Structures are given as structure tokens and as C-alpha cells.
Amino acid sequence: MNTIDVSRPVPQPNEVTRPFWDAAASHRLVHPRCRSCGRTFFPPHLCCPHCRASDWAWEEGAGRGTVHSATVVHRAPQPGFAPPYVIAVVDLDEGHDLMTNVVGVDPHAVRIGQRVRVTWLEVGEHVLPVFEPDEEADA
Ligand code: ZN
């Protein structure tokens, strides 16, 4: 008998990504910053994608950014998702981007250039960074 896992996929941290997920568990959004060229990047890699240096460190971000692109998903890829929902690329103020969800708003109201801030989605024992409209930025 086959067993179908009907839960939402959750992160599978590895040696490089574990600090990110550990920080997320305590509601801190972190990213790598290269000590050679000074730029941020995401997702974490062994080497900086800008200059190939391997000397980088984790840094905590403010969790604020701008919607770079967004799409509304109307058909769940598998059980565990509740369409309609938004998949977006958010440009973080620290200079890198992050693929995420925008929540807490009508999915069709999300717009490119909209200011958003991080909030946290708990999926079982995992905590995922998602974004919501930044009310302070819109005020
Ligand atoms: Zn670099």
C-alpha cells in the first residue's frame, strides 16, 4: 500500500540553509552578506554569487521590501494549499530578493511596487517567512 502525504511541503534544511530556518523559527529574517564585495544574496550558497568569495556571514534584515512580481495561484499544486493565493518575488530593502507568499490581502489586490513586510506562517513545526502589506508604508 502506498501512502500519500497530504501535508504542505516543508523546508528540508541542509548545512548551508539551516541557520536561515533556525532564525525563522524565532521570527528573524536573515540573509547572507558577502565580506568580500559587501553585497547580500539569497538563497544562501557556499560562495557569493556576485564575486564567488566564500567569506560571507549571516545578517538580520528589517523584513521590509517591495513586490517585484506576483502571480495568483488558483489551482493547488497538491493538497495542503488553499487557493487562491499569491506567489511573489519580494525585493528586500537589504538588496536581495526572496520568493514567498503575500498574505492578509485579497490576492488580486497585490500589485508590483507595493510595500510589504514579513510575517510568519507556521506549518507544523516549521515557520515560513511570508509577507503582508506594509500599512505604515501606505499611510
Ligand atoms: Zn561577494
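Here's what I pulled together on the structure shown here. (Residues numbered from 1 in each chain as written. Predicted model: local features only at pLDDT ≥ 70, side-chain atom pairs only at ≥ 80, totals over all residues. Heavy atoms only, no water.)

Let us look at helix α1 (residues 18-25). For α1, the set of buried residues is Phe20, Ala23 and Ala24. Buried residues of α1 fall within an arc of 100° about the axis and therefore sit on the same side. On the buried face of α1, the contacting elements are β1 (30-34), β2 (56-60), β6 (115-123) and β7 (126-133). In the stretch just after α1, His27 is the one whose phi turns positive, near 60°. (Buried < 20%, exposed > 50% of the residue type's maximum accessible area, 1.4 Å probe, protein only. Helix = DSSP H or I, 4+ residues; strand = E, 2+ residues; numbered from the N terminus. Arc of directions from axis to C-beta. Contact = heavy atoms within 4.5 Å.)

A few words now on the coordination of the zinc ion. Bound to the zinc ion on the protein side are Cys34 (SG), Cys37 (SG), Cys48 (SG) and Cys51 (SG), at distances that span 2.3 to 2.4 Å. Because the angles between the four donor atoms bound to the zinc ion fall within 102 to 116°, the donor set is best described as tetrahedral. In primary sequence terms, the donor set of the zinc ion follows C-x2-C-x10-C-x2-C. (Donors = N, O, S within 2.8 Å, 3.2 Å for Na, K, Ca; no water. Tetrahedral: all angles 85-135°; square planar, octahedral: opposite > 155°, others 65-115°.)

Turning our attention to unusual backbone geometry. Between Phe42 and Pro43 the backbone carries a cis peptide bond, its omega angle lying at 0°. Summarising the element assignment, Pro43 is placed in the loop between β1 and β2. That bond from Pro83 to Pro84 is cis: its omega, 0°, falls within 30 degrees of zero. Counting through the fold element by element, Pro84 comes out in the loop between β3 (64-73) and β4 (85-92). One non-glycine residue, His27, lies in the positive phi region at around 60°. You can see His27 is positioned in the loop between α1 and β1. A positive phi angle, close to 70°, is found at Arg52, a residue other than glycine. Relative to the elements of secondary structure, Arg52 occurs in the loop between β1 and β2.

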